[in-house]
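Given next are the chains, with one letter for each unit.
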Number of protein chains: 2
Amino acid sequence: MAHLSIIGTGNMGQAIAALAGRGGHAVQLLGSDDAGVPITGDIVVLAVPYPAVRTVLAERGDALAGKVVVDITNPLDFETFDSLTVAADGSATEEIAAALPGSRVLKAFNTNFASTLASGSLGALTTTVLIAGDDTDAKADLAAVVDSGGLRALDAGSLKRARELEALGFLQITLAANEKVSWTGGLGVVA
Amino acid sequence: MAHLSIIGTGNMGQAIAALAGRGGHAVQLLGSDDAGVPITGDIVVLAVPYPAVRTVLAERGDALAGKVVVDITNPLDFETFDSLTVAADGSATEEIAAALPGSRVLKAFNTNFASTLASGSLGALTTTVLIAGDDTDAKADLAAVVDSGGLRALDAGSLKRARELEALGFLQITLAANEKVSWTGGLGVVA
């Protein structure tokens, strides 16, 4: 059994908490009022919008040392829906990894709309969670949580691939915002 | 009926020619020995690897003025499989558009493995061709060819979105090369 702490109680935080619960894992769900509550999990999911990550790292950074930290953000410019707000040759995840040298940082869940995490399906497909990171054990730990909750985890490669996952998440959001796909649809993985 | 000229007789060129043929369109398929043969189509598909585009543009650039030009490339570093070879904030398609100011340039087909163009399906899904470009009429003309061939075309946005389509194509190739998905699978679109 894994022990997850999820920081953020929005749609994504709730959907990931439910997923972990379905798999029989312990879940601590922390909201913005819980800044004083110690993190108990070994896998910490930063389920907050990208602009809020900086605050979480300032408040919680020291407590994240030694832990697996999961970045789920899509760092879009939500004013224009026309670009990401991170360096063109980088990613939010690489920024977070640089700020947390004592943590093992992963990218995951940013290519999944919350509804597809909750339902476990994307049309006729089983929802697949793409996971990128440099630590193989950390990826396996998170993949076990995803698989046990009835979804499918897929290793998308090294931390550097977070850049492509953010591009995919960005594209998918623009497709949904422009009504080319629904918020229960999107980009899925066929084995 | 549209008239397509396809430059490149590899797997992708053949699959796109077959797709257009199924839809009842006229197709001219040009190989590397056909440099002297005039282009007859109104929609010209550059179905060559990214490094060969430069040669095609040098030989054929003037003849592409006034035409819809479709870039299908995935400009990967095939030595490392770890990066793209275009500017981090750009795309192969934007490079080609800059070199062909008299053409209407689209990105398409780079997120489709050839087998899924030939079969028309990606697992349980109908193969979806994502098309990016700034010219709405050009996108509609190509979409009509795709749809008439039994596949599904989806407008992925402006030419700037070619960057995200190239990231998606890159990610998909790394997943297949690492045997995380098959070359008949990959990333599909669920409406």
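Computed from a predicted structure; not experimentally measured.

(A) View of the overall build of chain A. The secondary structure content of chain A amounts to six helices and 10 strands. The C-alpha atoms of chain A give 15 Å as radius of gyration, which agrees with the globular expectation for 191 residues (16 Å, within 12%). Structurally, chain A occupies a C-alpha span of about 40 × 35 × 30 Å along its principal axes. Counting only residues that meet the buried cut, chain A has 57% of its 191 residues in that class.

(B) Local environment of empty space enclosed by the protein. Residue and element names in this part refer to chain B. Tallied over the entire structure, the rule returns two cavities of 30 Å³ or more. Taken as a whole, the largest cavity spans an internal volume of roughly 110 Å³. Around the largest cavity, the lining comprises 16 residues; the ones closest to its centre are Asn112, Leu122, Thr128, Leu187 and Gly188. Listed by contribution, the elements that provide at least two residues to the lining of the largest cavity are strand E7 (125-126), strand E8 (128-133) and strand E10 (186-190).

(C) Spatial organisation of the UniProt feature "domain: Pyrroline-5-carboxylate reductase catalytic N-terminal" (unreviewed entry) in chain A. The UniProt feature table records "domain: Pyrroline-5-carboxylate reductase catalytic N-terminal" (unreviewed entry) at residues 41-75 of chain A. Taken end to end, residues 41-75 of chain A is 31% helix and 23% strand, and its two terminal C-alpha atoms sit 25 Å from one another.

(D) The interface of chain A and chain B, seen in detail. Taken together, the 36 residues of chain A in the interface contact 36 residues of chain B. Taken over both partners, the interface formed by chain A and chain B buries close to 2800 Å², and the fraction arising from carbon and sulfur atoms is 64%. For the pair chain A and chain B, the interface holds four salt bridges. Between Arg161 of chain B and Asp82 of chain A there is a salt bridge; the shortest N-O distance is 2.8 Å. Breaking the side of chain A that touches chain B down by element, the ones donating at least two residues are strand E9 (152-157), helix H6 (162-177) and strand E10 (186-190) of chain A. At nine residues, the largest contribution of residues to the side of chain A that touches chain B is made by H6 of chain A.

(E) Summary view of the relation of the copies chain A and chain B. Screw-axis analysis of chain A against chain B gives a translation of 0.0 Å along the axis, an RMSD of 0.0 Å, and a rotation angle of 180°. In short, the pair behaves as if placed about a two-fold rotation axis. An overlap of 100% is found between the interface residues of chain A and their copies at the interface of chain B, pointing to a shared contact surface.

(F) Examining unusual backbone geometry more closely. All names here are of chain B. Its identity as a non-glycine residue notwithstanding, Phe81 has a phi of 50°, on the positive side. On the secondary structure map, Phe81 appears in the loop between strand E4 (68-71) and helix H3 (92-99). Of the residues examined, Phe81 reaches a relative accessible area of 30% and is grouped as partly exposed. With phi around 60°, Glu179 is a residue other than glycine that occupies positive phi space.

(G) Main features of the pairing of strand E8 (residues 128-133) of chain A. Residues and elements named next belong to chain A. Counted residue by residue, E8 has six buried out of six residues, so it is predominantly covered. Summarising the sheet, strand E5 (residues 104-108) and E8 pair through three bridges and their orientation is antiparallel. Along E8, the bridge assignment pairs Ala108 with Ile131. When E8 meets E9, the two strands line up parallel, connected through five bridges. Across the sheet, Leu130 pairs through a bridge with Leu154, a residue of E9. Read as a crossover between parallel neighbours, the route from E8 over helix H5 (residues 136-148) to E9 is right-handed.

(H) Geometry of helix H1 (residues 11-22) of chain B. All names here are of chain B. In this model, H1 (12 residues) spans 16 Å end to end at C-alpha, consistent with the 16 Å of a helix rising 1.5 Å per residue. By the burial criterion, the buried members of H1 are Met12, Gly13, Ala15, Ile16, Ala17, Leu19 and Ala20. Packing partners of the buried residues in H1 comprise strand E1 (3-7), strand E2 (26-30), strand E3 (43-46), helix H4 (114-119) and helix H5 (136-148). Gly24 sits one or two residues past H1 and shows a positive phi near 85°.

(I) Looking closely at the sheet that holds strand E3 (residues 43-46) of chain A. Residue and element names in this part refer to chain A. Strands sit in the order E2-E1-E3-E4-E5-E8-E9 across an open sheet of seven strands; the sheet is mixed. The outermost strands of the open sheet, each flanked by one partner alone, are strand E2 (26-30) and E9. Between one strand and the next, the sheet's axes are offset by a mean angle of 25°, whatever the strand orientation. Packed on one face of the sheet, helix H3 (residues 92-99) meets E3, strand E4 (68-71) and E5 and runs near 165° to E5.

Cut-offs used in this document
- Residues numbered from 1 in each chain as written.
- Chains lettered and ligands numbered in written order.
- Predicted model: local features only at pLDDT ≥ 70, side-chain atom pairs only at ≥ 80, totals over all residues.
- Heavy atoms only, no water.
- Helix = DSSP H or I, 4+ residues; strand = E, 2+ residues; numbered from the N terminus.
- Rg over C-alpha atoms; globule rule 2.2 N^0.38 Å.
- Buried < 20%, exposed > 50% of the residue type's maximum accessible area, 1.4 Å probe, protein only.
- 1 Å grid on protein atoms, 1.4 Å probe; cavity = no way out; pocket = protein on both sides within 12 Å on 5 of 7 lines; lining within 4 Å.
- Points joined across faces, edges and corners; volume = space filled by probe spheres on them.
- UniProt positions renumbered as here; feature names shortened; annotations may be inferred.
- Contact = heavy atoms within 4.5 Å.
- Buried area = accessible area lost by both parts, 1.4 Å probe.
- Salt bridge = Lys/Arg side-chain N within 4 Å of Asp/Glu carboxyl O.
- Least-squares fit on C-alpha atoms with pLDDT ≥ 70 in both.
- Pairing = 2+ DSSP bridges.
- Right-handed = clockwise from strand over helix to strand, strands pointing away.
- Expected span 1.5 Å × (residues − 1).
- Axes fitted to C-alpha atoms, helices over the stretch in contact; angles between N-to-C directions.

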